[in-house]
Amino acid sequence: MLGLNKKDTSLLIVVAILTLLAPFILNPFPTDSAMAQFNAGYPDLMQRFVIFGIFAIGFNILFGLTGYLSFGHAAFLGVGSYSAVWMFKLLSYSVIPAIALSVVVAGLFSLLIGFVSLRRSGIYFSILTLAFAQMSFALAYSVLSNPKFNLTNGETGLQVYSDDPQILQSANAPDLPHLFGVPMRATYTLDAGAWSFDFNAGYYMCAVIMMVVFYLAIRIFRSPFGMMLRAVKSNQQRMNYTGLNSKPYTLAAFVISGMYAGLAGGLMAAMDPLAGAERMQWTASGEVVLMTILGGSGTLIGPVLGAGFIKYFENIFSKINDNVLHSWFAFLPDGLEDAVVFVIHPFIGKGWHLTLGILFMLVVIYLPGGLVEGGQRILNRLKRKKPQTDETKSGESEPAE
């Protein structure tokens, strides 16, 4: 199917099912229940799941296959966002040209940075990419916000105003990002008893794009090009000794990865037509590194799982406050209830980073291969628990000669 083997086809089908049924899967608890705090099936968060999944899939093509660790991929995310918003300002609110421009500009920008950075490897490469990302952040935050040629609008962020040209914007088109007239914010709510499910147009557009780029990532992983990238990771020096020049392959991987990041940035702008310099900070680059390592570097589905894991717990733990904790532990005596809330308080709300850091440490220590390794361990244990055959039982009962 589509040039994939049976295993990869099954993986693609699983990802498609999980993505399309996400509004049901992410809302397991009734809306009015105390556990509804853990529901994540609302449009904004689901959009982040798939957008950062795309970002992590692209980063994994570089880091997972070649071993080159980039700390500057947020620069391409930000460039993609700025490009999309400029397309909204100049042409129209149609998301197709905006997303296309974000991919092209991010690809050209990554070609420039990759050509310079890939002259070094190891920690020197990582520092170079970090330096380029921070320079891009500084340019977007200050230099390019000069009133004479305001390209980024500084700390306020680039957005669409009523006096922008929008030369292709028709009178009947929505005044917000849309796909063939369907606004990205259009949401249909299905009430089923105590449950409520939201089906958002923007989410499903991002979900379809994620499945397409996931399929492309599978083809890259299984292609001769992917094998060459694995050879670079295994022993680049030995590969060069054989007469093969590895630089074109690593540069191609860097550009492809940057285009994935630009696509993610363009989708972020399509969901909310605003681009700010904070998307280019080093913390955003570090976040995609955590996603990839947490899910399983070098695996296909690992980065998607890592992105979902981090974005889910980031949202859930940051929403929980003392009032929610008191409602959960109201059955305890007053003194004990206050003590429990006091102990948990540093790990919720503004302290969600501490909780996420502890979870990340536990995964790295006990599951070095990420969440994918955890799933593989569970499957292996289930396979071992097979009932013994009659021959095995009879063989154990007979004495040895």
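Here goes a summary of the coordinates provided. If you're wondering where the values come from, they're calculated on a predicted model, not measured in any experiment. (Residues numbered from 1 in each chain as written. Predicted model: local features only at pLDDT ≥ 70, side-chain atom pairs only at ≥ 80, totals over all residues. Heavy atoms only, no water.)

Observations regarding the packing of helix α7 (residues 201-222) against helix α8 (residues 224-241)
Running from N to C, α7 and α8 cross one another at 65°; their axes reach a closest spacing of 4 Å. With respect to each other, α7 and α8 are oriented roughly perpendicular. Between α7 and α8, the residues in contact are Ile220, Phe221 and Arg222 and Pro224, Phe225, Gly226 and Arg230, respectively. Residues that form the contact of α7 with α8 fall into these classes: four nonpolar, one polar and two charged. (Axes fitted to C-alpha atoms, helices over the stretch in contact; angles between N-to-C directions. Helix = DSSP H or I, 4+ residues; strand = E, 2+ residues; numbered from the N terminus. Parallel < 35°, antiparallel > 145°, perpendicular 65-115°, else oblique. Contact = heavy atoms within 4.5 Å. Nonpolar A, V, L, I, M, F, W, Y, C, P; charged D, E, K, R; others polar.)

Examining the nonpolar core
Most often, soluble globular proteins keep nonpolar side chains buried together rather than apart. Counting 103 residues, the largest nonpolar core has Ile51, Ile54, Met205, Ile209, Phe214 and Leu267 as its most contacted members. No other element matches the 15 residues that helix α3 (residues 43-66) contributes to this core. Those residues in contact with phenylalanine 214 that lie beyond four places of it in its chain are Leu11, Leu12, Val15, Ile57, Leu300, Ile301 and Val304. (Core = buried A, V, L, I, M, F, W, Y, C linked by side-chain atoms within 4.5 Å. Buried < 20%, exposed > 50% of the residue type's maximum accessible area, 1.4 Å probe, protein only.)

Observations regarding unusual backbone geometry
Although it is not a glycine, asparagine 153 adopts a positive phi angle of roughly 65°. Mapped onto the elements of the fold, asparagine 153 is located in the loop between α6 (122-141) and β1 (158-159). The phi angle at glutamine 166 is positive, at roughly 45°, despite the residue not being glycine. Within the secondary structure layout, glutamine 166 lies in the loop between β1 and β2 (178-179). Its relative accessible area of 14% is what places glutamine 166 among the buried residues.

Structural notes on the pattern of salt bridges
Within the structure shown, the criterion is met by six salt bridges. We note a salt bridge from lysine 89 to aspartate 164, for which the minimum N-O separation is 3.0 Å. Pair noted here: lysine 89 is in helix α4 (residues 74-90) and aspartate 164 is in the loop between β1 and β2, with a separation of 75 residues, a long-range link. In terms of burial, lysine 89 and aspartate 164 fall into one category: buried. (Salt bridge = Lys/Arg side-chain N within 4 Å of Asp/Glu carboxyl O.)

Some details on the environment of glutamine 134
You can see glutamine 134 is positioned in helix α6. With 147 residues separating them along the chain, glutamine 134 and glutamine 281 place their C-alpha atoms 6.6 Å apart. Setting aside residues up to four positions removed in sequence, glutamine 134 forms contacts with Met280, Gln281 and Trp282. Only 3.3 Å separates the side chain of glutamine 134 from the backbone nitrogen of tryptophan 282, close enough to count as a polar contact. (Polar contact = N/O pair within 3.5 Å; in protein donor to acceptor, adjacent residues only side chain to side chain.)

Examining helix α11 (residues 302-319)
For α11, spanning 18 residues, the distance from its first C-alpha to its last is 26 Å, which sits close to the expected 26 Å at 1.5 Å a residue. Considered for burial, the residues of α11 that qualify are Gly302, Pro303, Val304, Gly306, Ala307, Phe309, Ile310, Lys311, Tyr312, Asn315, Ile316 and Phe317. At its buried positions, α11 is contacted by α3, α7, α10 (282-295), α14 (352-366) and α15 (371-384). (Expected span 1.5 Å × (residues − 1).)

Quick look at the packing of aromatic side chains
Here the structure, examined in full by the defined rule, presents 17 aromatic pairs. Aromatic pair phenylalanine 24 and phenylalanine 197: ring centres 4.8 Å apart, planes at 50°, arrangement tilted. Of this pair, phenylalanine 24 sits in helix α2 (residues 22-25) while phenylalanine 197 sits in strand β5 (residues 195-200); the two residues are 173 residues apart in sequence, bridging distant segments of the chain. Accessibility expressed as a relative area gives 37% for phenylalanine 24, which makes it partly exposed. Since its relative accessible area comes to 8%, phenylalanine 197 is described here as buried. Ring-pair connections join several aromatic residues into one group, and the members of that group are Tyr68, Phe76, Phe109, Phe125 and Phe254. We note lysine 89 situated over the ring of tryptophan 86; from NZ or CZ to the ring centre the distance is 5.5 Å. (Phe/Tyr/Trp six-rings, centres within 6.5 Å; stacked < 30°, edge-to-face > 60°. Lys NZ or Arg CZ within 6 Å of the ring centre and 35° of its normal.)

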